Amino acid sequence: MTAASQVKVVADKQIVPSLDDREYRLIQLENDLEVLLIRDPETDNASAALDVHIGSQSNPEELLGLAHFCEHLLFMGTKKYPNENEYRKYLETHNGMSNAYTASNDTNYYFEVSHDALYGALDRFAQFFIDPLFLEECKDREILAVDSEHSKNLQSDDWRFWRLYGILSHPDHVFSKFNTGNVKTLGDVPKDMGLDVREELLKFYDKYYSANLMKLVIIGREPLDTLEEWAIKLFSPIRNKSVSRPRHPGNPYKEEQLRKICYMKPVKNLRRIDILFPIPGQYSQYECRPADYVCHLLGHEGEGSYLAYLKKLGLGTSLVAGSISVTEDADIIVISISLTEQGLADYERVIRILFEYVQLLHHTTAHHFLFEETRIMSEAQFKTRQKTYASQYAHSVASKMQHNYPRDKILYSASVLTKFDMDGIQAVIDCFRPDNFIVILSSHSLEKDFNQKEEFYGLEYLVEPLDTAFLDSLRTCKPPSELHLPAPNEFIPWSLEVQKQPIKDKAKSPSLIRNDEFVRLWHKKDDTFWVPKANVFIQFISPVARKSPKISVITTLYVRLVEDALNEYSYPAALAGLSFVLLPSSRGVSLYLSGFTDKLHVLLEKVITVMRDLKIHSQRFDIIKNRLEQELKDYDALEAYPRSSSVLTWLTEHPVWMNSELREAIKSVNIENISQFIGEFIDQIFIEALVHGNYVKEDAKALIETAQNLLNPKPVFASQLTRKRAVVLPEGSNYIYKTVVPNEQDKNSAIMYALQLAPMDDQRSGALARLARQLMKEPSFSILRTKEQLGYIVFTLLRQSTPYVYMTVFVQSERSSSYLETRIRALLDHLKESFSKISDKEFNDHKASLINFMLEKYTNLKEESSMYWLRTSDGFYDYTRLEKQAEIVSSITKEEFYDFFINRIHYDGKATNKLSVHVLSQRCQDQEYEIPGATVIKNGNIFKEGLPFSKAAAPIEPFSDIDEALFMN
């Protein structure tokens, strides 16, 4: 049979963004597998993704989590490639990665690999869907991996809320079931029932993993005909079992589940109300997306909005409204509001105001105009969409292919609104009735007898009927004058023109176009992506910011007060593709703006003006201060990774304040402190900025000059322009710092094993560090996670924290942190032996993979801009660091690398500088293990004071005579 007779061309093109130069072909193989082939001749990495239209809602009743378990065990070897590690090792050796996820109705598998290694990756990938082994010896390990993945979510309020949505649904509906799986559902339960979980998994796979339920995306450099040949050859053997698409009919919330209020005990110090409205399934409504449109109005934050009124009354601080697809036949809309103390006490008023706002939605004459604005922006965003990582694009498109979009408009239909459907919109609005909702209220201050405890998360809750009189009062709501539908959006861009200039050679870095005592400005006109957008980064460097814990807190409050004052103004801007982020930084305040250049300058002027002229209202100050106090308290509930990372930062950098110091400092902060700070901050500022995108040099200068003129600061003295410094660990050091997880319910311990390798301007050591990580990441994961099953979260990373490069190994586990360190030491012993015997081919393959990664082209404007700003803000201004280190990698010999590993990474190395942070759970029953030669840090501050600090970062090349003074600190 010829290749041509095995394939049907469904669509030979797709409607794509204006900037998308890729070729597309949608085909259907003889086994009914639909494949979207994408040729991108410029891509550095190729990718493939396969989406199976079977997810956790298809779990057998007696084996909850089986679909997720299938996703895990599927990767453990195939008949053609029986080694359980073959797929991952192939990808790692060719600058690749893989991942997968299990959703309610889909399981999505995907990988990314160097473009010249695509065929080999596809061959290995296809075998998972043809002849997987589901190895018996891996079964128990992967059950533990599923359990560990579930364990990491136990103390997450977001996961608990999601579980509660299901608990409150009808017990016979699939939405009520626990989906993730754990040791009990995949180990104990089947064992008690006399079931072999592997045999049940084989039945599940054989029943559902059918070609007709699969959608495949392949992205590569090869011509479409070649990609088609590969798809036919490698994926046609997947069996077509003609399985019907799974359907789960019925409303998840029936009469007896509605008009209830559920009180929930949270993990963190939150005050939150979620209001749920069941609505008809929106699966076929993609042309108008009525539920998304209604959520857009309910979640609006501009003048006259539901949130703006809640904030004015001091009842709420933030709001998210969104629709959730439960099944193809049923959705829910959730309005989630962060409450103030007053809002928690008067939550019925918060609900009543929502129903008052809903009355405005019945004014149908406004919807034509409001929908048209939304449609215009969806079209503009689609037209100007840029490329993303190949694997990100592949798995996203594969998921979209499961939808019933026109087959030549899959990408377009998934993104752009095309049809105004008032009947569909009205059908959603009509679901906002007093007899059709559920309330979840969560706070530590609720004085309730939580009489129910959920089995899998241990969340405590209480369900009661809503008051009948209150429900009756909602039927006669009338909106006050303060509530109204959104006004016309002044930020919608009228021009999408790109200032395209002739380019001979693309610039590899931004140019310094202004450098004086007030401003240092870097600029690069976009010469690659040609989008009508720009990214603007501004650092307002001030000697007063963050000089003490109290000033640090004041800086944070100032930033949040500015954002709060701008919210009604900036939200319409965000809807029109303009956004800003204001953040406290180690040297002052950082402002990031991005979006269409047609109106970006308007947003900049407004932000700077409010920064200068901020009017502080006592009610808003009290609410924002209280919210920050709650966040500082929530440090006690912080997950292991961010906790260990923040402790490492505090131990190695200066100045960094402890959470306990910030908690104490915020108590005495008042409005007068903020007002005084604003005056001192604005008085003396040095501006460092980067403008990258659709701005020519003159426009970039004018933009930053506007910011300077609006603030009109005095210059900062050179002696005040201090830069970040770090603690220098002594050679041969072996430090351990221990901290306990305050949350008594969190059973996870962790270790952040950090090696201080070299200053960031040491190019050769930097290249060696990158090669070490390249060679270590796959065996570290394979040994610590897959084989030893220490925990679900295991990774090896390079941490570039000015002015040093660190190698970090992180493990989160129910074992003790001291035990985890012994296993990392055992890993290093294994690697020591392995690297001593590494073949020339394997070593050179890893070098080539790393070089390919380091020389990858940017995929979009944001990615390029972010890298330039990273190099600017780290103080070295080394915009070609990766290119230089890639060249060094090519010259590294096995002997040089082994010497670096032995002396700088192995725990016995003469020049190894090691500091590990042990995060220990109070529930850990493990014994304490001794770490030979380790020094336990008793007091972090004394530890830092006893060690020297590094020199500050300095430019790799001076800019001008001015800089000699600026960088002597």
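Residues numbered from 1 in each chain as written. Predicted model: local features only at pLDDT ≥ 70, side-chain atom pairs only at ≥ 80, totals over all residues. Heavy atoms only, no water.

Trainee: Explain the overall build of the chain to me, please; I cannot follow it from the model alone.
Mentor: Of the regular secondary structure elements, the chain holds 32 helices and 28 strands. Taking the principal axes of the C-alpha coordinates as reference, the chain spans close to 70 × 70 × 65 Å. For the chain, the proportion of its 969 residues judged to be buried stands at 59%. Considering only contacts in the chain between residues 6 or more positions apart, those separated by 24 or more positions represent 84%. The positive charge centre, built from 113 side chains, and the negative charge centre, built from 134, are 2 Å apart in the chain. (Helix = DSSP H or I, 4+ residues; strand = E, 2+ residues; numbered from the N terminus. Buried < 20%, exposed > 50% of the residue type's maximum accessible area, 1.4 Å probe, protein only. Contact = heavy atoms within 4.5 Å. Lys, Arg positive; Asp, Glu negative; His and termini not counted. Charge placed at Lys NZ, Arg CZ, Asp CG, Glu CD.)

Trainee: Whenever I open this one, empty space enclosed by the protein confuses me. Can you help?
Mentor: If you roll a probe as big as a water molecule over the atoms, it shows you where there is empty space left. In total, this model carries 7 cavities of 30 Å³ or more according to the counting rule given. In this structure, the largest cavity occupies an estimated 60 Å³ of space. S151, K152, Q155, S156, E639, A640, D746, N748 and Q812 are the residues that line the largest cavity. For the lining of the largest cavity, the two domains that each supply at least three residues are domain 1 (8-236) and domain 4 (725-946). (1 Å grid on protein atoms, 1.4 Å probe; cavity = no way out; pocket = protein on both sides within 12 Å on 5 of 7 lines; lining within 4 Å. Points joined across faces, edges and corners; volume = space filled by probe spheres on them. Domains from an automatic or database assignment.)

Trainee: It is not clear to me how the confidence of the model for the chain should be interpreted in this structure. Could you clarify?
Mentor: Low-confidence regions, as indicated by low pLDDT, have predicted coordinates that should not be scrutinised in detail. Across the chain, the average pLDDT comes to 94, with 98% of residues at or above 70. In this model residues 961-969 is a low-confidence stretch, pLDDT under 50, and it forms 20 contacts with partners more than four residues away in sequence or in other chains. (pLDDT = per-residue confidence, 0-100.)

Trainee: How should I be thinking about the packing of aromatic side chains in this particular structure?
Mentor: How two aromatic rings sit relative to each other is set out by the distance from centre to centre and by the angle between their planes. One pass over the full model with this rule turns up 47 aromatic pairs. Measuring from centroid to centroid gives 5.6 Å for F277 and F437, while their planes differ by 25°, and the two rings are stacked. Of this pair, F277 sits in strand β9 (residues 271-280) while F437 is found in the loop between α16 (422-429) and β12 (438-443), placing the two residues 160 residues apart along the sequence. Here F277 matches F437 in class, with each residue buried. Ring centres of F843 and F897 lie 6.0 Å apart, and the angle between their planes is 50°; on these two criteria the pair is classed as tilted. Here F843, found in helix α27 (residues 840-854), pairs with F897, found in helix α30 (residues 894-905); they are 54 residues apart in sequence, far enough to count as distant. An aromatic cluster is present here, built from F75, Y87, Y109, F111, F125, F128, F129, F134, Y205 and Y209 joined pairwise through their rings. Lying across the ring of F596, K533 places its NZ or CZ 5.0 Å from the centre. (Phe/Tyr/Trp six-rings, centres within 6.5 Å; stacked < 30°, edge-to-face > 60°. Lys NZ or Arg CZ within 6 Å of the ring centre and 35° of its normal.)

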